[in-house]
2 protein chains.
Amino acid sequence: MTLAVNMISGKWKLFILYGLRDGEKRYSELRRICEGITEKMLTNQLRELEKDGLIKRKVYPQVPPKVEYSFTEIGERLSFMFDPLYNWGLDYIKEKRPEQYHLVKQYEKTSH
Amino acid sequence: MTLAVNMISGKWKLFILYGLRDGEKRYSELRRICEGITEKMLTNQLRELEKDGLIKRKVYPQVPPKVEYSFTEIGERLSFMFDPLYNWGLDYIKEKRPEQYHLVKQYEKTSH
DNA sequence: TATGGTACATACCAATTAGTTAGTTTTGTT
DNA sequence: AACAAAACTAACTAATTGGTATGTACCATA
């Protein structure tokens, strides 16, 4: 439990993983997905996730550079929690902050 | 997702919630379950979980005092993730740190 | 009289984490 | 000639989080 919690804790890691759930993503795509993250943080967190073996990094030798991130096998096995966790959050907002609920619903439309 | 992640992140929150998964627990029981936690941190984290509505607090007017913590309804709905997350951690250790695997298995026997 | 158990609170300090700002590289575009 | 794009790195600062140490109330027991 300690190990699992440590690997996914931090302000951005679950977002990054969540962003990867439907396949590989470029650095700049992740930057857009993780609204508000700084480049430093994105790089840091990607490095840690890579070091821990949850994601892998594929570099295309081009200019301008292109780097793609995706799950490793064991990283992908964390997918079980993304949708339930997202839905739990939705339920929570519905119950505890009903005034905000419609905002989230609107946001859902624009972002997918 | 932001909301859900914020509520369960922190060095101890998931342990506390994990500790409550089989029913209400006293303060001192949680202290034993969360090996290494200080009283300050335990109290802090319990207060935050309570403020967020994930757990509830029941005080028995006795001396010495007795306080029991348990899930609220929405808190309990996070249970879906505890066992899978624990097992994911186990798998991770099995794959990436096989030398440590037997230690965990031994620990499992003693603690339940 | 001293000690212990329970569930805290408070003050202060250390460590960890996150944010800001600026720069790098190479090529292509205006 | 200036600037933009992508994926970074480095130096520095701010904010958050966690730890240590000590104290409290009340009663019971040694």
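Here the structure is a predicted model, which is why all the values come from computation and not from measurement.

Cut-offs applied
Residues numbered from 1 in each chain as written. Chains lettered and ligands numbered in written order. Predicted model: local features only at pLDDT ≥ 70, side-chain atom pairs only at ≥ 80, totals over all residues. Heavy atoms only, no water. Helix = DSSP H or I, 4+ residues; strand = E, 2+ residues; numbered from the N terminus. Buried < 20%, exposed > 50% of the residue type's maximum accessible area, 1.4 Å probe, protein only. Contact = heavy atoms within 4.5 Å. Areas by Shrake-Rupley, 256 points an atom, 1.4 Å probe, with all protein chains shown as cover. Lys, Arg positive; Asp, Glu negative; His and termini not counted. Charge placed at Lys NZ, Arg CZ, Asp CG, Glu CD. Near = heavy atom within 4 Å. Polar contact = N/O pair within 3.5 Å; in protein donor to acceptor, adjacent residues only side chain to side chain. Nonpolar A, V, L, I, M, F, W, Y, C, P; charged D, E, K, R; others polar. Least-squares fit on C-alpha atoms with pLDDT ≥ 70 in both. Phe/Tyr/Trp six-rings, centres within 6.5 Å; stacked < 30°, edge-to-face > 60°. Buried area = accessible area lost by both parts, 1.4 Å probe. Salt bridge = Lys/Arg side-chain N within 4 Å of Asp/Glu carboxyl O.

**Student:** For this particular structure, what's the right way to read the overall build of chain A?
**Tutor:** When you go through chain A residue by residue, the secondary structure sums to seven helices and three strands. Order of helices (α) and strands (β) in chain A, N terminus to C terminus: α-α-β-α-α-β-β-α-α-α. Each principal axis of the C-alpha atoms in chain A carries an extent, and together these give about 50 × 35 × 25 Å. Relative to its 112 residues, chain A shows a buried fraction of 41%. Taking contacts inside chain A between residues at least 6 apart in sequence as the whole, the part at least 24 apart equals 43%. Carbon together with sulfur atoms contributes 52% to the accessible area of chain A, which is approximately 6,500 Å² in total. Considering chain A, the positive charge centre built from 20 side chains and the negative charge centre built from 16 side chains are found 3 Å apart.

**Student:** I would appreciate a short explanation of the protein's contact with DNA strand D in the present structure.
**Tutor:** Near DNA strand D, the surroundings consist of 20 residues, among which Glu 39, Arg 47, Arg 57 and Tyr 69 of chain A together with Lys 40 of chain B are the closest. A share of 63% of the atoms of DNA strand D within 4 Å of the protein falls on sugar and phosphate groups. Contact between DNA strand D and Glu 39 of chain A: a base nitrogen at 2.3 Å from a side-chain N or O atom of the residue. Between a sugar or linking oxygen of DNA strand D and a main-chain N or O atom of Pro 65 of chain A, the distance comes to 3.0 Å. In terms of residue count, helix α4 (residues 39-51) of chain A provides more of the surface near DNA strand D than any other element does, four residues in total. Split by residue class, the surface near DNA strand D holds eight nonpolar, four polar and eight charged.

**Student:** I'm lost on the protein's contact with DNA strand C in this one. Help?
**Tutor:** Around DNA strand C lies a shell of 21 residues, among which Lys 11 and Lys 40 of chain A together with Glu 39, Arg 57 and Tyr 69 of chain B are the nearest. At 3.4 Å, a side-chain N or O of Trp 12 of chain A approaches a phosphate oxygen of DNA strand C. In the model, a phosphate oxygen of DNA strand C is placed 2.5 Å from a nitrogen or oxygen of the Tyr 69 of chain B side chain. For the surface near DNA strand C, the secondary-structure elements that each account for two or more residues are α4 of chain A together with α3 (27-33), α4 (39-51) and β3 (66-71) of chain B. With four residues, the single largest contributor to the surface near DNA strand C is α4 of chain B. Classifying every residue of the surface near DNA strand C gives eight nonpolar, five polar and eight charged.

**Student:** Before we go on, may I ask you to explain the relation of the copies chain B and chain A in this structure?
**Tutor:** For these two chain copies, the linking operation is a rotation about an axis paired with a shift along it. Superposition record for chain B on chain A: RMSD 0.1 Å, screw rotation 180 degrees, translation along axis 0.0 Å. Accordingly, the operation relating the two chain copies is best matched by a two-fold axis. Taking C-alpha positions as reference, the residue of chain B nearest the rotation axis is Ser 9 of chain B, located at 2.9 Å.

**Student:** Just checking my understanding: could you explain the side chain of Lys 25 of chain A for this structure?
**Tutor:** Residues and elements named next belong to chain A. Relative to the helices and strands, Lys 25 is located in strand β1 (residues 25-26). Residue class for Lys 25 comes out buried when judged on its relative accessible area of 13%. Those residues within four positions of Lys 25 in sequence are excluded, and the remaining contacts are Gly 19, Leu 20, Leu 30, Ile 33, Val 67, Glu 68 and Tyr 69.

**Student:** Would you explain the packing of aromatic side chains in this entry?
**Tutor:** In this description, an aromatic ring pair is defined by two values, namely the gap between the centres and the angle between the planes. Residues and elements named next belong to chain A. Applying the stated rule across the entire model yields ten aromatic pairs over all chains. The interplanar angle of 75 degrees and the centroid separation of 6.3 Å between the aromatic rings of Tyr 18 and Phe 82 together place this pair among those described as edge-to-face. Taken together, the residues span a long stretch of sequence, with Tyr 18 in helix α2 (residues 13-19) and Phe 82 in helix α6 (residues 82-96) at a distance of 64 residues. The two residues Tyr 18 and Phe 82 agree in class, both being buried.

**Student:** Is there a simple way to think about the interface of chain B and chain A in this case?
**Tutor:** A common way to state how big an interface is: give the accessible area lost once the parts meet. Contact residues are listed per partner, giving 31 residues for chain B and 31 residues for chain A. For the pair chain B and chain A, the summed buried area comes to about 3,100 Å², and 78% of that belongs to carbon and sulfur atoms. Where chain B meets chain A, there are four salt bridges. For Arg 77 of chain B, the salt bridge is made with Glu 95 of chain A, and the minimal N-O distance between the two is 2.5 Å. The tally of links from chain B across to chain A stands at eight residue pairs in polar contact (both at pLDDT 80 or more). Listed by contribution, the elements that provide at least two residues to the side of chain B that touches chain A are α1 (2-8), α2 (13-19), α5 (73-76) and α6 (82-96) of chain B. In terms of residue count, α6 of chain B provides more of the side of chain B that touches chain A than any other element does, eleven residues in total. Of the residues belonging to the side of chain B that touches chain A, the class tally is 21 nonpolar, three polar and seven charged.

Keep in mind that these numbers describe shape and distance, not what the molecule does.
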